[in-house]
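# Results of the structural survey
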Amino acid sequence: MKLYVSEGNPNCLKVLAALEVSGVTCDVQYVNHDERVVPFLSRPAVPVLLLPSGTQLFSSNAICRYLFEVSGRDSSDLCNQWLEWEATELQPALLQAFHTALLQTKEADVFTLLQGPLSYLDQSLRKGTTPYLTGEVVSVADVVLWAALYPILSDSSLSVGEQKSVKTWFDRSTAVHGLESAAQKVLQGKGLQGMKSYMQKQPAPQSNQCRDTQLCNSNPVEGEEGERVVSEQEMEEAALIWSKGLSVCTAPDRKHPILPQEGKRNLLVTSALPYVNNVPHLGNIIGCVLSADVFSRYSRLRGWNILYLCGTDEYGTATENKAREEGLTPQQICDKYHVIHADIYKWFQIDFDYFGRTTTEKQTEIAQDIFWQLHKHGFLVEDTVEQLRCENCQRFLADRFVEGTCPHCSYLEARGDQCDKCGRLINAVELRKPQCKVCTQTPVIRSSKHLFLDLPKLEAPLEQWLEKSTSTGDWTANAKQITRSWLRDGLKPRCITRDLKWGTPVPHPDFKEKVFYVWFDAPIGYVSITANYTDKWEKWWKNPNQVELYNFMAKDNVPFHSVVFPCSLLGAQDNYTLVSHLIATEYLNYEDTKFSKSRGVGVFGDMAKDTGIPSDVWRFYLLYVRPEGQDSAFSWADMATKNNSELLNNLGNFINRAGMFVTKFFEGCVPAMELQQEDKKLLALVGWELQQYIQLMDKVKIRDSLKHILNISRHGNQYIQVNEPWKKIKGGDADRQRAGTVTGVSVNIACLLSVMLFPYMPTVSQTIRDQLNTPQSCINTMMQGTGTFVCVLSAGHRIGTVSPLFQKLEVDRIEALKKRFGGQQKAQNAASSQPAAVPAAAAAAGVETVDAVDPQKAKQLTQAVAEQGEKVRALKAQKADKAVITAEVAKLLDLKKQLAAAEGKSPEPAPRKGNK
């Protein structure tokens, strides 16, 4: 193993401290802060732990956990909870404190910034009965928290208050062998000042990273957030707003065509155009169309004037390839799969204003017009390109039509544009042993003349526009980082033509046999789809002062939307509307692997309907795990857990109880309400959650906003449980009045939840409003301004028939679905997932006995066992899903069984409980 660290980096202090305490042998190399140890990352990342298998860990907490796992000290659940608290609550406050003390020289503000998390830590230590956070001996949690706090707590010039328990724990931990020496190595004996050069190269932290003390004080031990403190003034304001009731405003009907309106906020929302040649999987759906649908529905609730467009991307190599596979023409493939896509999105309730396609006359007309504008203004250049040509097929091979050995990592199935194993971009002529994917013959290198977009010439206006757009708009962090990495490396001319038949024809007479490259052509599809929707399309696309453009996509599409397409429009010099807000997700994986249609792994859009699980539940779970800040994974077990706990037991339970109380105790009419302080406090808490929801949704923080909906129903359940209206209804007049107030307030909260749920679960939202017989105007009233929680269902309002909203997902059903979508036979899956050193036969299901010792197989399996063990430890260190870890452990045990057989030994029986 090899560990890369840099001086002055507080994250490196963590890993060096963990290395010292764990006693693991590892080479340590010091590098500069900005050295890119991991080549495929868009920004430098240190520390990095390089494992013998070639795997790289670059999360400091994951590295620390891994080192402790290797030394035989597994992390307990409590330990992992502390590590999560450190990463999500303590670190944002510390970054703000470091920045304030070192770069703003406001040392006095450090105490204010750290008061919340330090007070919480002090309180937890004070309540504990052990010398360390998780027990009698130092754990990885102690090491990580000690290292995180060392620059602050070791500096006597900084005042952080009287945190006696924290000081005692810190001093005790400092005495642990190796910790102090690790701090000396990283900070060079300068304490906090040793971090100054590192902090100068870091972006300024957001001032609201630790939004309030309560968020910093979430309790990893009890697994609950501390309740927000509500002032008397907040309670009275909430009660006053509540009393105002509904306003008379009504939502305008959607009349097509939707066009920009003077004096209104005009939003043009697009989803990345899905390739028509395949069926979208869950990752494709959450990455663009579902995320954009949620924001579009929310925007309509807010009263904004919005047009939401999408369509199928139908030109290019992928379509030609699919046509060959299915024995159809490219146009027939497009027609077939366009319908499939449209049906899938309809089932998922994606509410497009228009869903178009790119194989249209408008696409040709607009793409060729932009081409001629670029040509006229001198932004196109000619060059000769070496390409692979298949003499057998009599054509040049596009990137997707050629495979070979990667020149960088020797992967045997690298594509002509990129290697899926090492992630490096490849020029097809660089491939070793290339083969035509159509006929498997070896192609030859030939020259072909092409047109290029002169990106270097457009770099200055691009940077000027980017500076404004990224500073005023809502660009996700990964979108900014990926764009900066392209600019940092310097823009190069990009080819916009291809030697294909299926595409938008290039109108230039010297290139009449060529078509536009799909990534020049496809984004223009947004414009042509709008033009097919309305002949007044220029009011959207040539109106940058009045229109805000939102692009939704997965991160792999970012450069084409932030660099290539904007450069095309800037070069056209025709007043085009450029993207204002670029929203990019990370990747959604399937369980512990990638989606694969060919291997039958994962749920694809046309399969979700067949599971019998409602589309709203699919929407909810995909949005709950939406990969906003990092990659996430779909898990059947987790989906069942979230459905049963969050939807059934939390949200559904509250709404159903509120409605049933009205039906059962008050003959279906909302009772009179007399608010007490407890009720006003609840109104204030719910109002605050609504405000947070709106603030986050305005910034397209879709996953985070969802948590505030669930928080409201949690508040409601607790309110009902404490007040017990089912008991009070049997008491005297005062108790019956109290039961009425609790019931009335609860059913109004259910009404609010129906509005907040609408972007996420539109059918459930409508069902709640139908059951409560809710006035339509409640939608607009609730979403006004920063959020308005008013009494919508006043005394005497008659509700409809109440029934449960959700059903439990049983374990046996989930297991059956997991098996159904898990791919082909287990033995084949095991073979495909084993390390390359293991032959397929050795990777299949193990046998109990063998006839003879096989030294060669034993050698291969010994290596496989070591690598699989390392994989398991890495997953544990990264705090992967338990189901993922269990599956990998099962593979490890199976390999060990095979190894025993290859060595001529009897496989060890599984230990029985109670045996020693």
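Residues numbered from 1 in each chain as written. Predicted model: local features only at pLDDT ≥ 70, side-chain atom pairs only at ≥ 80, totals over all residues. Heavy atoms only, no water.

### Let's talk about the packing of aromatic side chains
One pass over the structure, following the stated rule, counts 37 aromatic pairs. A ring pair is formed by Tyr-308 and Phe-352, whose centres lie 5.0 Å apart and whose planes are at 50°; its orientation type is tilted. Highlighted residues: Tyr-308 in strand S6 (residues 305-312) and Phe-352 in the loop between helix H13 (330-347) and strand S7 (354-357), separated in sequence by 44 residues. A relative accessible area of 14% means that Phe-352 is categorised as buried. Considering the side-chain rings of Tyr-621 and Phe-634, the 5.5 Å spacing of their centres and the 80° angle between planes classify their relative orientation as edge-to-face. Of this pair, Tyr-621 sits in helix H22 (residues 615-624) while Phe-634 sits in strand S20 (residues 632-634), placing them 13 residues apart in sequence. Accessibility assignment for this pair places Tyr-621 and Phe-634 in one class, buried. Over the ring of Phe-401 we find Arg-395, and its NZ or CZ is 4.2 Å from the ring centre. Above the face of the Tyr-624 ring, Lys-707 is positioned so that its terminal group lies 4.8 Å from the ring centre. (Phe/Tyr/Trp six-rings, centres within 6.5 Å; stacked < 30°, edge-to-face > 60°. Helix = DSSP H or I, 4+ residues; strand = E, 2+ residues; numbered from the N terminus. Buried < 20%, exposed > 50% of the residue type's maximum accessible area, 1.4 Å probe, protein only. Lys NZ or Arg CZ within 6 Å of the ring centre and 35° of its normal.)

### Notes on the environment of Leu-648
One can find Leu-648 in helix H23 (residues 636-666). Given the relative accessible area of 24%, Leu-648 is considered partly exposed. Between the C-alpha atoms of Leu-648 and Leu-805, which are 157 residues apart in sequence, the distance is 7.7 Å.

### A short note on the sheet that holds S7
Spatial ordering of the open sheet is given by S7-S6-S5-S17-S18, a layout of 5 strands whose pairing is parallel. Unpaired on one side and paired on the other, S7 and strand S18 (579-585) mark the two borders of the sheet. Looking at each pair of strands side by side, their axes are set apart by 20° on average, direction ignored. As paired strands, strand S5 (residues 266-271) and S6 are joined by 5 bridges and run parallel to one another. Within S6, the position partnered with Asn-266 by the bridge is Asn-305. Against the sheet, helix H20 (residues 558-572) makes contact with strand S17 (547-554) and S18, and its axis sits at roughly 160° relative to S18, the strand it touches most. (Pairing = 2+ DSSP bridges. Axes fitted to C-alpha atoms, helices over the stretch in contact; angles between N-to-C directions. Contact = heavy atoms within 4.5 Å.)

### A few points about the side chain of Thr-270
Assignment of secondary structure puts Thr-270 in strand S5. Among the polar contacts made by the side chain of Thr-270, one reaches the side chain of Asn-551 at a distance of 2.7 Å. When neighbours within four sequence positions are excluded, Thr-270 is seen to be in contact with Tyr-308, Leu-309, Tyr-526, Leu-549, Tyr-550, Asn-551 and Phe-552. (Polar contact = N/O pair within 3.5 Å; in protein donor to acceptor, adjacent residues only side chain to side chain.)

### A short note on unusual backbone geometry
Keep in mind that most residues, glycine aside, have a negative phi and that most peptide bonds are trans. Note that the residue after His-256, namely Pro-257, is joined by a cis bond; omega there is 0°. Position of Pro-257 relative to the elements: it lies in the loop between helix H10 (232-244) and S5. A positive phi angle, close to 50°, is found at Lys-433, a residue other than glycine. Looking at where Lys-433 falls in the secondary structure, it is placed in strand S12 (residues 432-436). Overall, the relative accessible area of 71% leaves Lys-433 in the exposed class. You will see that Glu-667, though not glycine, has its phi angle at about 55°, which is positive. Relative to the helices and strands, Glu-667 resides in the loop between H23 and helix H24 (677-698).

### Here's the deal with the nonpolar core
Within the largest apolar cluster, 174 residues are counted, with the highest numbers of intra-cluster contacts made by Trp-618, Trp-636, Tyr-693 and Tyr-760. Those residues in contact with Trp-618 that lie beyond four places of it in its chain are Leu-282, Trp-347, Phe-348, Val-603, Ala-608, Thr-611, Ile-613, Phe-634, Trp-636 and Met-639. Counting residues in hydrophobic clusters, the runner-up holds 70 residues, among them Val-46, Leu-57, Cys-79 and Val-144. (Core = buried A, V, L, I, M, F, W, Y, C linked by side-chain atoms within 4.5 Å.)

### Looking at the sheet that holds strand S1 (residues 2-5)
Pairing is mixed across the open sheet formed by 4 strands, whose spatial order is S2-S1-S3-S4. The two strands at the open ends of the sheet, each matched to only one other strand, are strand S2 (27-30) and strand S4 (56-57). In this structure, S1 lies alongside S2, joined through 4 bridges in parallel fashion. Counted as the bridge partner of Lys-2 is Asp-27 from S2.

### Thoughts on the confidence of the model for the chain
The predicted model of the chain has a mean per-residue pLDDT of 86, with 89% of residues at 70 or higher. Every residue in residues 825-852 scores below 50 in pLDDT, and together they form 37 contacts with partners more than four places removed in sequence or on other chains. (pLDDT = per-residue confidence, 0-100.)

### Regarding H23
Residues three or four positions apart in an α-helix share a direction because the helix packs 3.6 residues into each turn. Within H23, the axis deviates most sharply at Gly-652, by approximately 40°. At the C-terminal side of H23, Glu-667 shows a positive phi close to 55°. (Bend = angle between axes of the 7 residues up to and from the residue.)

### Notes on the side chain of Thr-741
Along the chain, the position of Thr-741 falls in helix H27 (residues 733-757). Aside from chain neighbours lying at most four places away, what touches Thr-741 is Ala-672, Met-673, Glu-674, Leu-675, Asp-679 and Tyr-719.

### What about the environment of Thr-862?
Within the secondary structure layout, Thr-862 lies in helix H33 (residues 855-877). By relative accessible area, Thr-862 is classed as partly exposed at 40%. When the C-alpha positions of Thr-862 and Leu-895 are compared, they lie 8.6 Å apart, and in sequence the two are 33 residues distant.

### Focus: the environment of Arg-873
Structurally, Arg-873 can be placed in helix H33. Taking relative accessible area as the criterion, Arg-873 reaches 31% and is therefore assigned partly exposed. It is 9.0 Å that separates the C-alpha atoms of Arg-873 and Arg-65, two residues lying 808 residues apart in sequence. What Arg-873 contacts, discounting residues up to four positions off in sequence, is Tyr-66, Glu-69 and Val-70.

### Some thoughts on the packing of H24 against helix H25 (residues 702-723)
Direction vectors running N to C along H24 and H25 enclose 170°, while the axes themselves pass 8 Å from each other. Judged on the interaxial angle alone, H25 and H24 are roughly antiparallel. In contact with Glu-678, Asp-679, Leu-682, Leu-685, Val-686, Trp-688, Glu-689, Leu-690, Gln-692, Tyr-693, Leu-696 and Met-697 of H24, H25 contributes Ile-702, Asp-704, Ser-705, His-708, Ile-709, Asn-711, Ile-712, His-715, Tyr-719, Val-722 and Asn-723. Across the contact of H24 with H25, the residue classes tally to 13 nonpolar, 6 polar and 4 charged. (Parallel < 35°, antiparallel > 145°, perpendicular 65-115°, else oblique. Nonpolar A, V, L, I, M, F, W, Y, C, P; charged D, E, K, R; others polar.)

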